[in-house]
Amino acid sequence: MAKIVIALGGNALGNTPYEQLELVRETAKPIVDLIEQGNEVVIAHGNGPQVGMINLGMATAAEAKAIKSDMPFPECGAMSQGYIGYHLQNAIGNELAARKIKKEIATVVTQVLVDENDPAFSHPTKPVGAFYDKETAEKIAKEKGYTMVEDAGRGYRQVVPSPKPIDVIEKGAVEALIKDGYIVVTVGGGGIPVVRKGGILVGTPAVIDKDFASEKLAELIDADLLIILTAVEKVAINYNKPNVMWLSKMSVEEALKYADEGQFAPGSMLPKVQACVQFAKSKPGRKALITSLDKALQAMKGQTGTVVTG
Ligand code: ADP
Ligand code: MG
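In what follows, the accompanying structure is described. In this text, all values refer to a predicted model and were calculated from it rather than measured experimentally.

Parameters and conventions
- Residues numbered from 1 in each chain as written.
- Chains lettered and ligands numbered in written order.
- Predicted model: local features only at pLDDT ≥ 70, side-chain atom pairs only at ≥ 80, totals over all residues.
- Heavy atoms only, no water.
- Buried < 20%, exposed > 50% of the residue type's maximum accessible area, 1.4 Å probe, protein only.
- Helix = DSSP H or I, 4+ residues; strand = E, 2+ residues; numbered from the N terminus.
- Arc of directions from axis to C-beta.
- Contact = heavy atoms within 4.5 Å.
- Near = heavy atom within 4 Å.
- Polar contact = N/O pair within 3.5 Å; in protein donor to acceptor, adjacent residues only side chain to side chain.
- Areas by Shrake-Rupley, 256 points an atom, 1.4 Å probe, with all protein chains shown as cover.
- Nonpolar A, V, L, I, M, F, W, Y, C, P; charged D, E, K, R; others polar.
- Phe/Tyr/Trp six-rings, centres within 6.5 Å; stacked < 30°, edge-to-face > 60°.
- Pairing = 2+ DSSP bridges.
- Axes fitted to C-alpha atoms, helices over the stretch in contact; angles between N-to-C directions.

Digging into helix α4 (residues 134-144)
- Regarding α4, the residues found buried are T136, A137 and I140. Take α4 and look down its axis: the buried residues cluster within an arc of 100°, on one side only. Turned more than 90 degrees away from the buried face of α4, the exposed residues are E135, K139 and K142.
- Buried residues belonging to α4 abut α2 (48-63), β5 (126-132), β6 (147-150) and β7 (156-160).
- Where α4 ends, the next residue or the one after it, G145, has phi of about 75°, a positive value.

Describing the site of ligand 1
- By nearness alone, 18 residues border ligand 1, and G10, T230, A236, Y239 and K272 come closest of all.
- For ligand 1, an oxygen atom lies 2.8 Å from a polar atom in the backbone of G10.
- Side-chain polar atom of K272 to an oxygen atom of ligand 1: 2.5 Å apart, as the coordinates give it.
- In the complex, the protein chains occlude 78% of the 580 Å² of accessible area that ligand 1 would expose alone.
- Within the residue set of the shell around ligand 1, elements represented by two or more residues are β12 (225-230), β13 (235-237) and α8 (269-280).
- Classifying every residue of the shell around ligand 1 by side-chain character gives 9 nonpolar, 6 polar and 3 charged.

Considerations on the environment of V112
- With respect to the helices and strands, the residue V112 is situated in strand β4 (residues 111-113).
- Taking the relative accessible area as the measure of exposure, V112 reaches 0% and is therefore buried.
- Spatially, the C-alpha atom of V112 lies 7.8 Å from that of A213, the residues being 101 residues apart in sequence.
- In this structure V112 touches P165, D167, V168, V187, G190, G191, I192, P193, V194 and I208, once residues within four positions along its chain are discounted.

A look at the packing of aromatic side chains
- According to the stated counting rule, one finds 2 aromatic pairs in the structure shown.
- Between Y239 and W246, the aromatic rings sit 6.1 Å apart at their centres with planes inclined by 85°, giving edge-to-face as the arrangement.
- You can call Y239 partly exposed: its relative accessible area is 42%.
- Look at W246 and you get partly exposed, because its relative accessible area is 43%.
- Ring plane angle 90° and centroid distance 6.5 Å describe the contact between Y258 and F264, whose orientation is recorded as edge-to-face.
- Residue classification places Y258 among the buried positions, given a relative accessible area of 12%.

Here's the deal with the sheet that holds strand β9 (residues 183-185)
- A sheet is described by the order of its strands in space; here 8 strands give the open sequence β3-β9-β2-β1-β12-β16-β17-β15, paired in mixed fashion. Looking along the sheet, the strands with just one partner apiece sit at the ends: β3 (105-107) and β15 (249-251). Ignoring strand direction, the axes of neighbouring strands in this sheet form an average angle of 20°.
- For β12 and strand β16 (residues 287-292), the ladder comprises 6 bridges, and the chain directions are parallel. Looking at β16, one finds that I228 is bridged to I290.
- Running at roughly 175° to β3, helix α3 (residues 73-98) makes contact with β1 (3-8), β2 (40-45), β3 and β9 of the sheet.

See the structure below:
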């Protein structure tokens, strides 16, 4: 039996609420397999398409004066955590009931602390939300202090930074729930980014990478294993090249060497490998695993996936 943090990628959730409701039924199965084997499971997930949809919808409705206010980005993130959490609670709850496993699942709306001096704040990189013409973009930038940039000829958009997670504010609640036997969904979308200002926590428009947030959570709750579930069964070197090589395991040193060589795409595989390295070296005995959702159980048995060990 192990304490496991599972980070779900975009392919576990899909792009629309209807697609998501279908997909989570499948997502629930390998997760419940791990629970059935007696593991303590905590679930984290991405929220790119979901928070994008909420943010864009709210911005569009606000522009059209159909609603009274725009919706700030941290609030959009909180909404996405609730909506995705509901689907996961529903699907995993149903799967547990179908297998007559007497366990309950709860979602914790989660704030994640970031440092306002994180260098990411001076280089916002992630475009979010609606497209505006130049004039409107300048007006919004002035009114709200947003950074607006031209996005590939399609108009102007807000860009937000991607700072590193420092702490999970609700970690105590997560631990208490785990101790009481609950399955917990937390740090959705990497968490709602908050900075500490004069002793209080303030939500800030930013996107924390869900792979890094999951890793931080795994350390904080003293998990044994971090499993990052994504669209590929294994990590490769020479990915997309004729001499591709799929890896079953990497030491921390090997992973760092491959990362230096540029083997992992920034924004997709690189943060996963970096998160695994960080977790594997954080304490003796900890390991991390990257594999696909449908192969999770086999990978747990050591039959597939890429394991990163310290
Ligand atoms: P997620 O939503 O799970 O975070 P991403 O698209 O961000 O998924 O990252 C996973 C993707 O990374 C894979 O589907 C694959 O296309 C890509 N990728 C980039 N480099 C590699 C590599 N070296 N080995 C395997 N996959 C890679
Ligand atoms: Mg990703």
